[in-house]
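# Summary of structural features
What follows is each chain in one-letter form.
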Amino acid sequence: MRLTRKQLLAGAGAGALSATGVYELVDRLTPGPARPPAAGLPPEQHLLDGLRIVVDHDVEVVVPPLHHQVVTATVKVGLPRADMLAAQGELEAALRRLEERFEPTPAGLGVTVAWGLPYFRRFVPGAAERHLPIDRRASQTKHRPVRALLDAVRFPSDPQETLLERNDVAVLLRSDSLDNIGAGAKELFEKLNLFAPTSIRRGFAGGGFDGGIGLPKQLATAAGVRGADLIPDGAELFLGFTSTQRAGLGPPRIANLETLGYSDGGPDGYFRGGTTMHVSHMFEDLEAWYINFDHAERVATAFRPRLRVPSGRLTVQQGPQDVVDVAGNARDYRRDGAIGHSASIQTSSRLLSDVLGEDGELYRKGTAIPHRADFNTLDNPFFWSSDPARDGQSSEAAAGLHFVVFNPTSDDFHRNRLAMDGVLP
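The text that follows walks through the structure, step by step, so that each part is easy to find. Computed from a predicted model, the values in this text were never measured in an experiment. (Residues numbered from 1 in each chain as written. Predicted model: local features only at pLDDT ≥ 70, side-chain atom pairs only at ≥ 80, totals over all residues. Heavy atoms only, no water.)

### Observations regarding the overall build of the protein chain
Along its length, the protein chain carries 14 helices and 13 strands. Here the protein chain has a C-alpha radius of gyration of 21 Å; the compact-globule value for 425 residues is 22 Å, and the two agree. Expressed along its principal axes, the backbone C-alpha trace of the protein chain runs to roughly 65 × 55 × 45 Å. Contacts spanning at least 24 positions in sequence make up 74% of the contacts within the protein chain whose residues lie at least 6 apart. (Helix = DSSP H or I, 4+ residues; strand = E, 2+ residues; numbered from the N terminus. Rg over C-alpha atoms; globule rule 2.2 N^0.38 Å. Contact = heavy atoms within 4.5 Å.)

### Comments concerning helix α10 (residues 295-302)
For α10, every residue scored as buried is listed here: H295, R298, V299 and A302. An end-on view of α10 places all buried positions within 100 degrees of arc, on one side of the element. Each element contacted by the buried residues of α10 is listed here: α9 (286-292) and α12 (341-349). The residue sitting at the N-terminus of α10 and contributing the capping side-chain oxygen is D294; that oxygen lies 3.2 Å from the backbone nitrogen of A296. (Buried < 20%, exposed > 50% of the residue type's maximum accessible area, 1.4 Å probe, protein only. Arc of directions from axis to C-beta. Polar contact = N/O pair within 3.5 Å; in protein donor to acceptor, adjacent residues only side chain to side chain.)

### Some thoughts on the pairing of strand β2 (residues 59-63)
For β2, the buried fraction is high: four of the five residues fall into the buried class. Here strand β1 (residues 52-56) runs beside β2; their pairing, made up of five bridges, is antiparallel. In the sheet register, R52 faces β2, and the bridge partner there is V63. Count of turn residues in the β1/β2 antiparallel hairpin: two residues, of which H57 carries a positive phi of about 50 degrees. (Pairing = 2+ DSSP bridges.)

### Here we look at the packing of aromatic side chains
Counted by the stated rule, this structure contains 13 aromatic pairs. Consider the rings of F155 and F413, whose centres lie 6.1 Å apart with planes at 85 degrees: the pair is edge-to-face. Residue F155 is found in the loop between α6 (136-142) and β5 (169-175), and its partner F413 is found in helix α14 (residues 410-420); the two are separated by 258 residues along the sequence. In this structure, F155 and F413 share a single accessibility class: buried. Among the aromatic side chains, those forming a connected cluster through ring pairs are W115, Y119, F120, F123, F189, F195, Y270 and F271. If you follow R137 out to its NZ or CZ, it ends over the ring of Y262, 4.1 Å from the centre. The positively charged end of R202 is found above the aromatic ring belonging to F383, 4.3 Å away from the centroid. (Phe/Tyr/Trp six-rings, centres within 6.5 Å; stacked < 30°, edge-to-face > 60°. Lys NZ or Arg CZ within 6 Å of the ring centre and 35° of its normal.)

### Comments concerning the pairing of strand β4 (residues 110-115)
Counting buried positions along β4 gives five out of six residues, so the element sits mostly inside the fold. For β4 and β5, the ladder comprises six bridges, and the chain directions are antiparallel. Paired with A114 across the bridge in β5 is A170.

### What about the packing of α12 against α14?
Interaxial distance between α12 and α14 falls to 8 Å at its minimum, and their mutual angle equals 150 degrees. Here α12 and α14 pass one another in a crossing that is right-handed. For the pair α12 and α14, contact is made by H341, S344, I345, T347, S348 and S349 and by D412, R415, N416, A419 and M420, respectively. Within the contact of α12 with α14, the residues separate by chemical class into three nonpolar, six polar and two charged. (Axes fitted to C-alpha atoms, helices over the stretch in contact; angles between N-to-C directions. Left-handed = near helix turned anticlockwise from the far one by under 90°. Nonpolar A, V, L, I, M, F, W, Y, C, P; charged D, E, K, R; others polar.)

### Here we look at α12
Of all nine residues in α12, eight are buried; the element is thus mostly enclosed. The inward-facing, buried residues of α12 contact α10, α11 (326-336) and α14.

### Regarding the pattern of salt bridges
Within the structure shown, the criterion is met by 30 salt bridges. Among the ionic pairs, R96 bridges to E92, the shortest N-O distance being 3.1 Å. Of this pair, R96 and E92 both sit in helix α3 (residues 81-101), separated by four residues, roughly a single helical turn. Assessed through its relative accessible area of 40%, R96 is described here as partly exposed. For E92, a relative accessible area of 47% corresponds to the partly exposed category. For D168, the salt bridge is made with R122, and the minimal N-O distance between the two is 2.3 Å. On the criterion of sequence distance, the pair formed by D168 in the loop between α6 and β5 and R122 in helix α4 (residues 117-123) is long-range, its members being 46 residues apart. When its relative accessible area of 44% is taken as the criterion, R122 is described as partly exposed. (Salt bridge = Lys/Arg side-chain N within 4 Å of Asp/Glu carboxyl O.)

### Concerning the environment of G248
Mapped onto the elements, G248 comes out in the loop between α8 (215-222) and β7 (276-283). The exposure class assigned to G248 is buried, which follows from its relative accessible area of 17%. In sequence terms G248 and R96 are 152 residues apart; their C-alpha atoms lie 32 Å from each other. Residues within four places of G248 in sequence aside, it is in contact with Q318, R350, A368 and R372.

### Side note on the environment of S177
As for its placement among the helices and strands, S177 is situated in the loop between β5 and α7 (178-190). Residues S177 and P251, spaced 74 residues apart in sequence, show a C-alpha to C-alpha distance of 25 Å. There is a polar contact of 3.2 Å between the side chain of S177 and the backbone nitrogen of D179.

### Notes on unusual backbone geometry
In this structure, P381 follows N380 across a cis peptide bond, with omega equal to -5 degrees. You can see P381 is positioned in the loop between β11 (375-377) and β12 (384-385). Phi is positive for D58, close to 65 degrees, though the residue is something other than glycine. Considering the arrangement of structural elements, one finds D58 in the loop between β1 and β2. The phi angle at D268 is positive, at roughly 65 degrees, despite the residue not being glycine. Its location among the elements puts D268 in the loop between α8 and β7. Given the relative accessible area of 66%, D268 is considered exposed.

So, in structure tokens, the structure goes:
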């Protein structure tokens, strides 16, 4: 099945929040998988309950939600103070209505509201100065106070055209149901007179864990993306390899500000149970990936050089015993002139020793810290943009990745991102 340009967009201009575009195919192509019920409403907004675990080649894999949507926005300025205070109450009530209507699982709706430094600086500078947490580790390293939440920065491998955004808020919606995603977006952005959206970013993941072609190949083929036919059947993501190995994702509360002691959650613990969220977009050249690299070369690039993985296998073990340290990466580079993507990041994204968390949990050496929530997209680069000229918005579908990840602090994410560029700790 191939879609026309009109079908791809499906009205992604006016009324973009309620438009669906190519993503309505997800519900048609893949029934929502069976999900365990929620154990209750956790204090953390960034955690999803009721996640399903499958085993692929003896590796436990977390089945991600089928649908993902990020809406970035600014808080509308010019509202009288009384209206702003009323809007705060209306937002809290809207979030409560969603919590009462949907379980915090992929079968229901996961809602994560992340506030940016521009919001804190513009609207609540005094409260932010008092309550925003300090990153103890970063402060010790840099010999000055460093906040747990930092501005977006450039990294060595970022292309020149990379844009750094300054949004007041980013809302992540996750569900197996596109209707549930739409209900959440309508509640928060259409019924409330608080936010002015700057972008809508949509996408999908998975769909192939119970056999079949999988969503990435089916949707890329429907959209006419070059190289779609090269995506392996059953792939979780466009680039083929599984990325949600259970051992490669941080345990539930490890990414909290306070769990590992990187921060105490701020004075009076105002932000305890919170975390930091990074959002970015990357294009993916499927033809270059599959034509220029054979399976062994793709394994070496995604994981580490000379790692032996049977041809065609998509799920690669990523447990604590598979973590590559700085010395191992240095050996790989001296021998092969390259280091692997996963191997480089593991030097900063895994615990270097056992840690007794603030929550009473013993986190063993090699345990992953970040919670990744990345997903594939056909946005180019976004489903909708308030400034299409600045964002280079195109109506043609393009293979890409909306990268979303939760780290205990912004500095912790910066360390992971620098390690990816070979700046190892």
